[in-house]
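Coordinate analysis (summary)
Here's the letter readout for the chains.
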Amino acid sequence: MTNKLYRNKKEILKEILDKLIPLIIAILLVFVEFPYYINAPGGIENLDKKVIIENEYDSKGSFNVVFISEYKANTIMMLYAYLNPNFDIYKKEEYLASNETYEIMDYRNTLEMEEANDNATVVAYQKAKENIEINKTDLYVTYIYSEAITDIEVKDKLISIDDNTFNNKQELNNIIDSYNVGDIVSVKVVNNDKEYTRTATIQGDDEDRYIGLYITQDIDFNVERNIKFKVASNESGPSGGLMMALEIYNELVAEDLTKGYTIAGTGTIDINGDVGSIGGVKYKLKSAVKKKVKAFFVPDGENYEEAKKLKEITYINSNAYAAGLRRGDLIVSVNGNDITRSADIEEVIAEMTVGETVVMTVNRDGTVTDFTFTLQEYIPVEGNWRSKSILKI
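The notes below deal with the structure included here. (Residues numbered from 1 in each chain as written. Predicted model: local features only at pLDDT ≥ 70, side-chain atom pairs only at ≥ 80, totals over all residues. Heavy atoms only, no water.)

A look at the overall build of the protein
What the protein contains, in helices and strands, is 10 helices and 21 strands. A buried classification covers 42% of the 393 residues belonging to the protein. As displayed, the protein has an accessible area near 22,600 Å², and 50% of this comes from carbon and sulfur atoms. (Helix = DSSP H or I, 4+ residues; strand = E, 2+ residues; numbered from the N terminus. Buried < 20%, exposed > 50% of the residue type's maximum accessible area, 1.4 Å probe, protein only. Areas by Shrake-Rupley, 256 points an atom, 1.4 Å probe, with all protein chains shown as cover.)

Printed below as a string of structure tokens:
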């Protein structure tokens, strides 16, 4: 009898373990995170669906923002990223700024997106000669540099320095520049609806003085033609500022800037309309190519050079290059279809799938030649995209 009970208990325990072990493994695969982050091409979004303006004008084409997919690494995502050439894995210390958590980075990126939308609105309304009145601008601390000598905290709203108030970043910088390096100042802030008095030491040199803070603005304004943004909870970052300004302006004026085309792009924008560089050009350009956009806008400077490099590497690594095609070849036909404009090529390729054979007839210096190659996917370049240099105040 005792042996029978023992066997029954063993069998029950085995059944429990048989069900429990796969569950534990599944939990480990999905919920246990590693100190890595994963980036991949995301996609594009039509901004007409995200910006609603009173009595807005319609457009035949579209302005699109390009986004990056970002993941915290678990076992499944690590394996998938390792096997997928379009995914990149970054160590935590490569991904986050020093002395920063993911939550603080997410907080900063969220406020930066709101600031970008505010800047885009001000720039677009002023350009369209629409009435817009700025009531006030609040300044929030969204990052503190390691060299800063201060008890100021992230999420502090700055009110004054030694009782000197300011209305924007420039006025704050002017106040800081009025001090000498090494001076200790009293900073009034508000955090979680409570007022605090903190201190900070002025650093830098005779030409550039700073406290060591990264500041994000929140602009409060009034407009005659009301504007509303539809933003998802997982959207953040300032890189959509340029395209947002173009979309807002296009909805305010009668002329359709899109000319019927699908246009994508990336770049920050400040309240003066100046466009700034962004990170992740290779992911965003790949997303734009995949969606067959007509034009891709990218900030001048290092972003533009990276985009050109990406195009060059894609060209050299392509099957068409390997088959013998070179720049300057005049394309006569593709798979027997006459080519008279670039759109003709796009129409032929759009009907094909990756892996199919392409026969391209070209005229090179008066000699007509056929080149045969296999249609392939767009090839991205490798390399980290995040910039660790963010402006200090």
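Next comes the rest of the write-up.
Looking at the nonpolar core
In terms of nonpolar packing, the biggest core is built from 25 residues, with Ile 53, Tyr 125, Ile 227, Ile 248 and Leu 252 touching the most fellow members. At the level of secondary structure, the elements contributing two or more residues to this core comprise β2 (51–53), β3 (62–74), α4 (102–127), β12 (213–223) and α6 (241–252). No other element matches the six residues that α6 contributes to this core. Not counting the four nearest positions on each side in its chain, Ile 53 is found in contact with Tyr 125, Arg 225, Asn 226, Ile 227, Ile 248, Glu 251 and Leu 252. (Core = buried A, V, L, I, M, F, W, Y, C linked by side-chain atoms within 4.5 Å. Contact = heavy atoms within 4.5 Å.)

Let's talk about helix α7 (residues 281–290)
Judged by how many residues are buried, α7 sits mostly within the fold: eight of 10 residues are covered. For α7, every residue scored as buried is listed here: Val 281, Lys 282, Tyr 283, Lys 284, Leu 285, Lys 286, Ser 287 and Ala 288. One or two steps after α7, the chain reaches Lys 292, where phi turns positive at roughly 60 degrees.

Considering the sheet that holds strand β19 (residues 337–338)
Across the sheet, four strands lie side by side as β19-β18-β20-β21; this open sheet has antiparallel pairing. At either margin of the open sheet sits one strand with a lone partner, and together these are β19 and β21 (367–374). Relative to β19, strand β18 (residues 330–334) is paired through two bridges, and the arrangement is antiparallel. When the bridges of β19 are listed, Ser 333 appears paired with Asp 338. (Pairing = 2+ DSSP bridges.)

Observations concerning the packing of aromatic side chains
Taken as a whole and judged by the stated rule, the model has six aromatic pairs. A ring pair is formed by Tyr 37 and Tyr 95, whose centres lie 4.5 Å apart and whose planes are at 15 degrees; its orientation type is stacked. Pair noted here: Tyr 37 is in strand β1 (residues 33–46) and Tyr 95 is in helix α3 (residues 92–95), with a separation of 58 residues, a long-range link. An identical accessibility class is assigned to Tyr 37 and Tyr 95; each is buried. With 5.0 Å between their ring centres and 80 degrees between their planes, Tyr 143 and Tyr 145 make a pair best called edge-to-face. (Phe/Tyr/Trp six-rings, centres within 6.5 Å; stacked < 30°, edge-to-face > 60°.)

Description of the pairing of strand β8 (residues 184–191)
For a regular strand, side chains alternate in direction, first toward one face of the sheet and then toward the other. Burial along β8 is one-sided: Val 185, Val 187, Val 189 and Asn 191 are buried, while Ile 184, Ser 186, Lys 188 and Val 190, pointing the other way, are not. The sheet contact formed by β8 and strand β9 (residues 194–201) spans eight bridges and is antiparallel. In the sheet register, Asn 191 faces β9, and the bridge partner there is Lys 194. Hairpin connection between β8 and β9: a loop of two residues separates the two successive antiparallel strands, and Asn 192 in this loop has a positive phi of roughly 55 degrees.

A closer look at empty space enclosed by the protein
As enumerated under the stated definition, the model contains two cavities of 30 Å³ or more in all. Roughly 30 Å³ of internal volume is contained in the second largest cavity. In terms of residue class, the lining of the second largest cavity is made up of one nonpolar, two polar and four charged. (1 Å grid on protein atoms, 1.4 Å probe; cavity = no way out; pocket = protein on both sides within 12 Å on 5 of 7 lines; lining within 4 Å. Points joined across faces, edges and corners; volume = space filled by probe spheres on them. Nonpolar A, V, L, I, M, F, W, Y, C, P; charged D, E, K, R; others polar.)

Description of a negative patch on the surface
A grouping of Asp 177, Asp 205, Asp 206, Glu 207 and Asp 208 is seen on the molecular surface, where their side chains present a negatively charged patch. Tracing the backbone through its elements, the reader meets Asp 205 in the loop between β10 (203–204) and β11 (209–210). By relative accessible area, which is 42% here, Asp 205 ends up partly exposed. (Patch = residues over 30% accessible without salt bridge, like charges linked within 9 Å, V, L, I, M, F, W, Y side chains within 5 Å. Salt bridge = Lys/Arg side-chain N within 4 Å of Asp/Glu carboxyl O. Lys, Arg positive; Asp, Glu negative; His and termini not counted. Charge placed at Lys NZ, Arg CZ, Asp CG, Glu CD.)

Side note on the pattern of salt bridges
Counting across every chain of the model gives 11 salt bridges. One salt bridge in this structure joins Glu 45 and Lys 50, with 3.8 Å as the shortest N-O distance. Of the residues examined, Glu 45 reaches a relative accessible area of 30% and is grouped as partly exposed. Among the charged side chains, a network of salt bridges with common partners joins Glu 45, Lys 50 and Glu 235.

So, the sheet that holds strand β4 (residues 88–91)
Strand order in the open sheet formed by five strands is β4-β1-β3-β14-β17, and the pairing between neighbours is mixed. Pairing within the sheet leaves two strands with one partner each, and these edge strands are β4 and β17 (295–297). Here the average twist between neighbouring strands, direction ignored, is 35 degrees. Examined bridge by bridge, β1 and β4 share four bridges and lie antiparallel to one another. (Axes fitted to C-alpha atoms, helices over the stretch in contact; angles between N-to-C directions.)

Focus on the packing of α4 against α6
To characterise two packed helices, one gives the angle between the axes of the helices and the distance between these axes. Two elements in contact, α4 and α6, have axes whose closest approach is 8 Å; the angle formed by their N-to-C orientations is 40 degrees. Judged by the twist between their axes, the crossing of α4 over α6 is right-handed. Residues Ala 116, Asn 117, Ala 120, Thr 121, Ala 124, Tyr 125 and Lys 127 of α4 form the contact with α6, whose participating residues are Gly 241, Met 244, Ala 245, Ile 248, Tyr 249 and Leu 252. Residues of the contact of α4 with α6, tallied by class, amount to nine nonpolar, three polar and one charged. (Left-handed = near helix turned anticlockwise from the far one by under 90°.)

Let's talk about a nonpolar patch on the surface
Together, Tyr 82, Leu 83 and Ile 89 make up a nonpolar patch on the protein surface, roughly 380 Å² of accessible area in all. Considering the arrangement of structural elements, one finds Tyr 82 in helix α2 (residues 75–83).

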